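# Summary of the model geometry
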Amino acid sequence: MNIITAFSNHNDTHQLCQDVIATLRKGSAQYDSEQFNILVVYFNVDHDVHLIHSALTEAFTCPVIMASSCQGAFAITPTGQHPTANLSVFGIIDPLGHYGVGYAKVNPASPDIAAQKAMQMAVSNSGRPYDAPSLVWTVMPPGQEEALIAGFSQIIGPNVPVFGGSSADNDVSGNWFQATCDVVAQDLVLVLVMHPSSALGYSYSSGYEPTEVNLVAQNCSARKIGLLNGQNAAHEYNAHTCGSISEALTGGVVLGNTTLHPLGRPIDSKMGITEYLLSHPDSVTAEGELCLFSTVAENQEFVLMKGSIEGLVKRAAVVAQNALDVLPEGRKPVGILMIYCAGCRLTIGDDVAAMQQAVLEQIGSIPVVAAYTFGEQGCFFDGKNRHGNLMISAVAFSQ
Amino acid sequence: MNNETEVLRENFALILRLKEQAEALRKESDMLLSGMRDILSAQTPEALYQNMFDVFASLIPYQTCFILAHETPGFMVCKTATDSRFLDTKWAVDDVLKRTLLGTPTAVFNARIQPAWQTLEHLTETTAAVLYCPFIDNNKTSIIVFCATEIGFYTQMHVATAERYREFTEQTLMSVQAKLEALQSQKLKKEREQVELSMVQSEKMASLGLLAAGVAHEINNPLAFVNSNFDALSGYMPSLAKFFAKTHCVLKSELPSEEKLLQIEALFNEYDIEMLMEDLQEISEDSKEGIERVCDIVKSLQAFTQDNDQDEAAVFDLNQCVADSLRLLKSKVKNTVSITQNLQKLPKLKGSAGKVNQVLVNLMVNALQAMDSSAQLQITTGHLDAPEIQQLHPDSECHTAGVTEQHAFVAIRDNGCGIAVDKLDSIFEPFFTTKPIGEGTGLGLYITYTLVQALGGEISVTSELNVGTEFTVTFPIPFTS
C-alpha cells in the first residue's frame, strides 16, 4: 500500500485542480501500479464543486469520495504542507486491497434507510461484497449523523469502526457538498468501505478537560435541550461558563462562544479511563433552548468541559501519534487521514498553521490529509461508533 | 496546566490501550499453549476435536463452530460440528471459501447474503456473522468456521486472531496428526501382535502337522512292541493258569508233603515256569520302557504346545528344550542324520518353554530339510559374555547401552546346502522363502525371529554355500541366576 497526498491553494479552480492532478500523477508514477484505488477529496466551497468534480473524475478513473471542508483542508505531502489548502486529496494505491464507494440521498424522515442504501452500494462495489470491512470512512450532511451510523450497523453490524466527518461549509450557511464519481449534492451520505491489504490504526479523541460541573439535560427534543439541571438551559450553561453566551440568552448563534466550553458525555471504558463524547452548542432559541450539533437523550448526564487554544493546537499531533502507535509492531506508516472539528479550527484561527507544524514535528513526513468538519464520527476504546462534536480523529495506513 | 493534564491523561489512555493489546496477545498466547497441552492430552480423535473446539471458544467467541473438508470438486462437506444440524451439510465453494482455502481468513458480516449459505437457509436462522479460517489437516486445506448470531460480529480483530490461530492450528494439527498416528500406531501394534500371535499359532500347528507323522511313528513303535508283549503275555496265560490250577490241586490233596513237593516240581518243569518268568520279566521291562517313551513324547508335545506367554515368572531349561525338540524330530533324524550334542549346564532362563521349543523345532526342521546324505547336525549350548555377544550381534541395541549381562546360547549347525550371501539379509523377513512355490509359507524364520525377540533374545546366522549354516540364538541370563 502507498499513499499519495496532494494539495493546492490556487485561487483559480482550474489551476487548483491541475496542480493537484499533476502531483497525484507524479506521485503514483513512482510505483509499479499507478492506479489509485480511491481518492478522498476535501475542498473549500469557495471553489466550484462541479469544476473540481469534473476535473478529478476526468483525470482519474478510480472511485472518488468528495466533501467540502470548512475554509479549506489540511495537507502534508513529501514536498510541502498547507493547513487550509483549497483542495487536498488523499490517494490510496493498494493493488491488493479492496475499496468500495456508495452513496444515498438522505431523506430527513428516514435517514437510516439512506445509510443502509449507501452501505449496501459500497459493499457491493468493493469487490468484497460479503466481507466485514476493516473500516468505514464516511461523509455525512450535518444533522442526523446518529441515525446514519445506526443505519450502517443495520447492514454490516455495529463492530466495524466508522470514521469520518460531516461535510462543512465556511459559515454554517448550509452550503456544504458531498460528491462521488456519479453525483454531486448537498444531502448525500457517502460511504467508503475499506479492505486494505495491511493494518490500520485509529484514534478518536477530544482535546478537552472535564470540569467538576455536572449537568442533566431535560425537556430534550432531538438536538435541543430545554433544561439543564432543571433550569433554563441557556441560562444554566451561561452561569457555568462565565457568561460566555450572555449576549444570546434569548436567541442567537453561539458557535464561536461555546467552542472552549462543550458538553461532554462520559464514556466509560473497560480500562477505567473515562472518555468524553463532546456536544457543541451552536445556537440558542428564543425560549432559551440550547441547540447542539448532536442528538441529546432525555436525562442525559453531561460534564461541562473546558478547553484552550493551546490544547486544540497541540491535540491533533497527539491524536495522529496515537493512531500510529496502535499500528501492529513492525508496520511502516504510509499515511494518515484525519478529521479535525471545524469549530476547533475556527477557534484556533491563524494558529492552524501551528497546529499543522505540531503534527509535522510529531509524525515527520508521513503524508496527511485532514478535513475540518461539522461533526465527527469515530469510535472510542469501547469499540462503539459515535457521533460527536469538537472531536479529532485519525486513521493511520501502513505497509 | 490544563493542557498538560489533558495530554497526560491522553498518554495514559494510550498506554492503557497498548497494555490492553499486549495483554490480549499474551492471554491469547497462554491459551494457545494451554490449548496445545489439552489437545495433545486427548486420548481419542473425538476428544481431540472437542478439546480443539473448547480452546477456540476461549479465543474466538462463537455460537456454532464446524469444520469443512473437501468433498468433490467444487464442494466441501461439514465433517465435525458443535451443532449436529451442520453435520454432513454440503457447501458450494464460493468466492469467500475459495479465498479462505487459499490461506486468507475471512470475516463475513452476514451469512444470509453469502452464496455458500443460499442452499442452507434453515441454518441461517441462527447464524449471521461468520468467520472462516483455513488450516492444514492431513496435508489438505480445510476450513474451520465460527458462527455468531449478531450481524457483523466478527471484525478484523477476529481475522487477525484467526490468522494467528491458523498458524497455531497448523502447528497443533501437526502435533495432533502425530498424536493420531501414535494412537493409530498403538492400535496397529495391537493388531500386529494379534496377527503375529495368530501366525505363531498357525506355524505351530503347521509344525505339529509336519511332526505328526514322525511323532505318530515314535508313539507307534513302543505301542507296537507293548502290544506284542501283551500278545505274548496272553499266550503264557493258559500255561500259567493250568500250572496254578494243578499246583492248587496238589496242595489240597492228602499226600505227604514230600510227595506234594515232588509233584509241584514236576509241574514247574512241565510248564517251563522258569523260562516263562524270565520272559515275563523281559516283557514287563520292555513294556515299561515303551510306555515311558510314549510319555516322553507326549511331554515333549506338551512342552511344544504349551502357552504360558502371560506368565511372567515362566522359566525354561534350554538343554531340556533341545532334548524335547530332538525327541519330537526323532523319527526324522533316525538313521539318516548324525547328531552331535555339546550341551553345557545352564541356569534357568526367563520365558516360555513352548516358544523356545517352537524356535528350536523350526531351526532343526530347516536344517534337516537342507541336508541330504551324510547329514550332520551339531547342537551346542553354552555361555557368551558381552564382547562375544557384541561380535555375534553387532547391531543389537542391548549392547550399545553398555549392558554387560551374561547370555546363554544355542547354536544349530548343519552341513547342508547353505544360503546365498545375498539372501542372508532377507531370511527373517515375512514371506521370504527359497523353497518352491507351495512348499513353504515363508513365515517360519520370520516367526522364529519374532519369537526370539519376544523372549528378549537375538538370533543370527552364518552360512556358506554347500558347506552349511549355523543359527545362533542367544538369551539373556537373568541377574538372579
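Residues numbered from 1 in each chain as written. Chains lettered and ligands numbered in written order. Predicted model: local features only at pLDDT ≥ 70, side-chain atom pairs only at ≥ 80, totals over all residues. Heavy atoms only, no water.

### Observations regarding the overall build of chain B
In terms of helices and strands, chain B carries 13 helices and 13 strands. Each of the 481 residues in chain B was classed as buried or not, and the buried ones make up 43%. Taking as baseline every contact in chain B between residues at least 6 positions apart, the subset at least 24 positions apart corresponds to 68%. Looking at chain B as shown, the accessible area adds up to about 25700 Å², and 54% of this sits on carbon and sulfur atoms. (Helix = DSSP H or I, 4+ residues; strand = E, 2+ residues; numbered from the N terminus. Buried < 20%, exposed > 50% of the residue type's maximum accessible area, 1.4 Å probe, protein only. Contact = heavy atoms within 4.5 Å. Areas by Shrake-Rupley, 256 points an atom, 1.4 Å probe, with all protein chains shown as cover.)

### Thoughts on the confidence of the model for chain B
With 78% of its residues at a pLDDT of 70 or more, chain B has an overall mean of 80. Across chain B, strand β4 (residues 106-108) of chain B holds the top mean pLDDT of 94, while helix α11 (residues 397-400) of chain B sits lowest at 49. (pLDDT = per-residue confidence, 0-100.)

### Brief notes about the packing of aromatic side chains
Throughout the structure, instances matching the rule amount to 20 aromatic pairs over all chains. Seen from their ring centres, Y62(B) and F146(B) are 5.9 Å apart, and the 45° between their planes marks the pair as tilted. On the criterion of sequence distance, the pair formed by Y62(B) in the loop between α2 (45-59) and β1 (64-70) and F146(B) in strand β6 (residues 140-148) is long-range, its members being 84 residues apart. Since its relative accessible area comes to 21%, Y62(B) is described here as partly exposed. Within the aromatic cluster, the residues linked to one another by ring pairs are F66(B), F86(B), W91(B) and W117(B). Its end group placed over the ring of F60(A), R25(A) keeps NZ or CZ at 5.7 Å from the ring centre. (Phe/Tyr/Trp six-rings, centres within 6.5 Å; stacked < 30°, edge-to-face > 60°. Lys NZ or Arg CZ within 6 Å of the ring centre and 35° of its normal.)

### Thoughts on the interface of chain A and chain B
Every contact between the two is made by 39 residues of chain A and, on the other side, 32 residues of chain B. Summed over the shared surface of chain A and chain B, the number is 1 salt bridge. Seen at the junction of chain A and chain B, the total is 6 residue pairs in polar contact (both at pLDDT 80 or more). Contributing elements (two or more residues each) for the side of chain A that touches chain B: α4 (145-156), β13 (200-206), β14 (209-221), β19 (274-279) and α7 (309-325) of chain A. The leading source of residues in the side of chain A that touches chain B is α7(A), at 7 residues. (Salt bridge = Lys/Arg side-chain N within 4 Å of Asp/Glu carboxyl O. Polar contact = N/O pair within 3.5 Å; in protein donor to acceptor, adjacent residues only side chain to side chain.)

### Details of the side chain of S283(A)
Residue and element names in this part refer to chain A. Positionally, S283 belongs in strand β20 (residues 281-284). For S283, a relative accessible area of 16% puts it in the buried group. Within the structure, S283 has its side chain in polar contact with the side chain of D282 (distance 3.2 Å). Ignoring any residue separated from it by four or fewer positions in sequence, one finds S283 in contact with G252, V253, V254, E289, L290 and C291.

### Observations concerning the pattern of salt bridges
Close approach of charged atoms allows side chains with opposite charge to pair. Considering all chains together, one arrives at 11 salt bridges over all chains under this definition. For the salt bridge of D187(A) with K105(A), the shortest nitrogen-to-oxygen distance reads 2.4 Å. You can see D187(A) sitting in the loop between β11 (184-185) and β12 (188-195) and its partner K105(A) sitting in strand β7 (residues 98-105), a full 82 residues away along the chain. Judged by relative accessible area, which is 60%, K105(A) ranks as exposed. Of the charged contacts, one joins D324(B) and R327(B) as a salt bridge, the two residues approaching to 3.1 Å between their closest N and O atoms. With a gap of 3 residues between them, D324(B) and R327(B) both fall in helix α7 (residues 318-328), about one helical turn apart. When salt bridges with common partners are traced through the structure, they connect R128(A), D131(A), D95(B) and R99(B) into a single cluster.

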